[in-house]
Amino acid sequence: MKTIGHILARYKTWILHLLAPLGMWGVFAIAFADSALLGMPVDAVVAFYVYQDHRRFLFYVVMASLGSALGSVPLYIIGYLGGEKVLRKRISEERFQTIHRSFEQHEFWALMFPGMLPPPTPFKIFVLGAAVFEMRFRDFLAAIFAGRFVRFLVLSLLTLWFGQQIVGIIGALVRRHLSLLLAAIAGGVLVWLLMRRSRRRSRAD
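Note that the structure is predicted; figures quoted are calculated from it, not measured.

A. Layout of a nonpolar patch on the surface. A grouping of Phe 32, Leu 66 and Leu 70 is seen on the molecular surface, where their side chains present a nonpolar patch of about 210 Å² in accessible area. Tracing the chain through its elements places Leu 70 in helix α4 (residues 57-71). Judged by its relative accessible area of 34%, Leu 70 is partly exposed.

Now the structure itself:
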């Protein structure tokens, strides 16, 4: 574990060195690359920027969220052009049907809530799902931006309070309790939808 931690620390340092010429716009670049290409240490980089420059923390949250949304566009295009085959190759039939139902019921939340979760949540699968199930492009960008905004805002506030080490703590907790976290979020969404339906019925009556 110490070796892995050392490798990740060196990787983060190398990334920050590459982003240095971009200044405060580096957050946008790393978030874009994280969504468009292979996974990048975007949470660690956001935490670093926020910790080094407290006053602009909201700017970094917005830039990281915007970068994540725009960086997901190439994957959206791949899913849209490739159709269901692209998604079915990557997940089981059972999971495919589960994601399909979630997008049919409420596509915005089906994309936004996974966007709120840190790694190892397989967020790119939901991005592909949004394209395959023909989610409106405007809503696609808005859902990712909203989900990432919540994620990076919470991360930034925790960083301001506890320091940069909070990234490692959150990552360890998510890896250990991912299924429980997903179940809690799903339960919260279900309760919210039921309350919303109840309000609509009461207004209609």
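There is more to say after this.
B. Region of interest: the packing of helix α2 (residues 26-36) against helix α3 (residues 42-52). Taken N-terminus to C-terminus, the directions of α2 and α3 make an angle of 170°; their axes are 10 Å apart at the nearest point. As far as their axial angle goes, α3 and α2 are roughly antiparallel. For the pair α2 and α3, the contacting residues are Gly 26, Val 27, Ile 30, Ala 31 and Asp 34 in the first and Val 42, Val 45, Val 46 and Tyr 49 in the second. Residues of the contact of α2 with α3, tallied by class, amount to 7 nonpolar, 1 polar and 1 charged.

C. How the structure looks around the side chain of Asp 43. Looking at the element boundaries, Asp 43 is found in helix α3. Using a relative accessible area of 12% as the deciding quantity, one classes Asp 43 as buried. Side chain to side chain, Asp 43 and Arg 151 meet in a polar contact 2.5 Å long.

D. Layout of helix α7 (residues 93-116). Taking 1.5 Å of rise per residue, the 24 residues of α7 would be expected to cover 34 Å, yet its terminal C-alpha atoms sit only 25 Å apart, more than 12% below that figure. At His 106, α7 shows its strongest bend, of approximately 130°. Those residues of α7 that sit buried are Phe 96, Ile 99, Phe 103, Ala 110, Leu 111, Met 112, Phe 113, Pro 114 and Gly 115.

Conventions we followed
- Residues numbered from 1 in each chain as written.
- Predicted model: local features only at pLDDT ≥ 70, side-chain atom pairs only at ≥ 80, totals over all residues.
- Heavy atoms only, no water.
- Patch = residues over 30% accessible without salt bridge, like charges linked within 9 Å, V, L, I, M, F, W, Y side chains within 5 Å.
- Areas by Shrake-Rupley, 256 points an atom, 1.4 Å probe, with all protein chains shown as cover.
- Salt bridge = Lys/Arg side-chain N within 4 Å of Asp/Glu carboxyl O.
- Helix = DSSP H or I, 4+ residues; strand = E, 2+ residues; numbered from the N terminus.
- Buried < 20%, exposed > 50% of the residue type's maximum accessible area, 1.4 Å probe, protein only.
- Axes fitted to C-alpha atoms, helices over the stretch in contact; angles between N-to-C directions.
- Parallel < 35°, antiparallel > 145°, perpendicular 65-115°, else oblique.
- Contact = heavy atoms within 4.5 Å.
- Nonpolar A, V, L, I, M, F, W, Y, C, P; charged D, E, K, R; others polar.
- Polar contact = N/O pair within 3.5 Å; in protein donor to acceptor, adjacent residues only side chain to side chain.
- Expected span 1.5 Å × (residues − 1).
- Bend = angle between axes of the 7 residues up to and from the residue.

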